[in-house]
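Chain by chain, the residues run as shown.
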Amino acid sequence: MPTNNLDPEDEVICLCSGTTQSDIARWFAQGLDMDAISRKTGAVSGCAGCEWDVSEMLRILAEQKAAADNV
Ligand code: FES
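What counts, and where the lines are drawn
Residues numbered from 1 in each chain as written. Predicted model: local features only at pLDDT ≥ 70, side-chain atom pairs only at ≥ 80, totals over all residues. Helix = DSSP H or I, 4+ residues; strand = E, 2+ residues; numbered from the N terminus. Buried ≥ 20, exposed ≤ 12 C-beta atoms within 10 Å, placed from the backbone. Contact = placed C-beta atoms within 7 Å. Axes fitted to C-alpha atoms, helices over the stretch in contact; angles between N-to-C directions. Parallel < 35°, antiparallel > 145°, perpendicular 65-115°, else oblique. Left-handed = near helix turned anticlockwise from the far one by under 90°. Nonpolar A, V, L, I, M, F, W, Y, C, P; charged D, E, K, R; others polar.

(A) How the structure looks around the overall build of the chain. Within the chain, the regular secondary structure consists of three helices and two strands. Its helices and strands taken in sequence order, the chain reads β-β-α-α-α from the N to the C terminus. Every one of the 71 residues in the chain was classed for burial, and the buried ones make up 21%. Long-range contacts, defined as pairs at least 24 residues apart, comprise 41% of the intrachain contacts of the chain with a sequence gap of at least 6.

(B) View of the environment of methionine 34. Relative to the helices and strands, methionine 34 resides in helix H2 (residues 34-41). In this structure, methionine 34 is in contact with Val54, Ser55 and Leu58, ignoring residues within four places of it in sequence.

(C) Seen up close, the environment of serine 55. As for its position among the elements, serine 55 is in helix H3 (residues 51-69). Judged by local crowding, serine 55 falls into the exposed class, with 12 C-beta atoms found within 10 Å. Between the C-alpha atom of serine 55 and that of valine 44, which follows or precedes it by 11 residues, the distance is 9.6 Å.

(D) The packing of helix H1 (residues 21-29) against H2, seen in detail. Orientation of H1 relative to H2, taken along the N-to-C sense of each, is 125 degrees, at an axis distance of 10 Å. In terms of axis orientation, H1 runs oblique to H2. Relative to H2, the crossing made by H1 is right-handed. Between H1 and H2, the residues in contact are Asp23, Ile24 and Trp27 and Ile37, Lys40 and Thr41, respectively. Its residues assigned to classes, the contact of H1 with H2 comprises three nonpolar, one polar and two charged.

Below you can see the structure in the form of C-alpha cells.
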C-alpha cells in the first residue's frame, strides 16, 4: 500500500485491515496478546499474510518490555 507517511510507527502492517504498527504497539501495551489484537484490529484475520510480521513485531516488543522490566 503506497503511503506518503514517513513515520514508521504508522506503517500499515496488515493490508487487509489497515492495522498499523502503532495500533499493534498500543494494544500490546494494554496487555493484549496476538489473538486479542487480531480480534480488536482484524489483523491476521483476513489473508493472514501479515501473520509473520505481526508475530515478529510482538516478539520484539516483548523482548523490549522484558529488558525494560529488568533495568
Ligand atoms: S494482510 Fe493482514 S490479514 Fe491480510
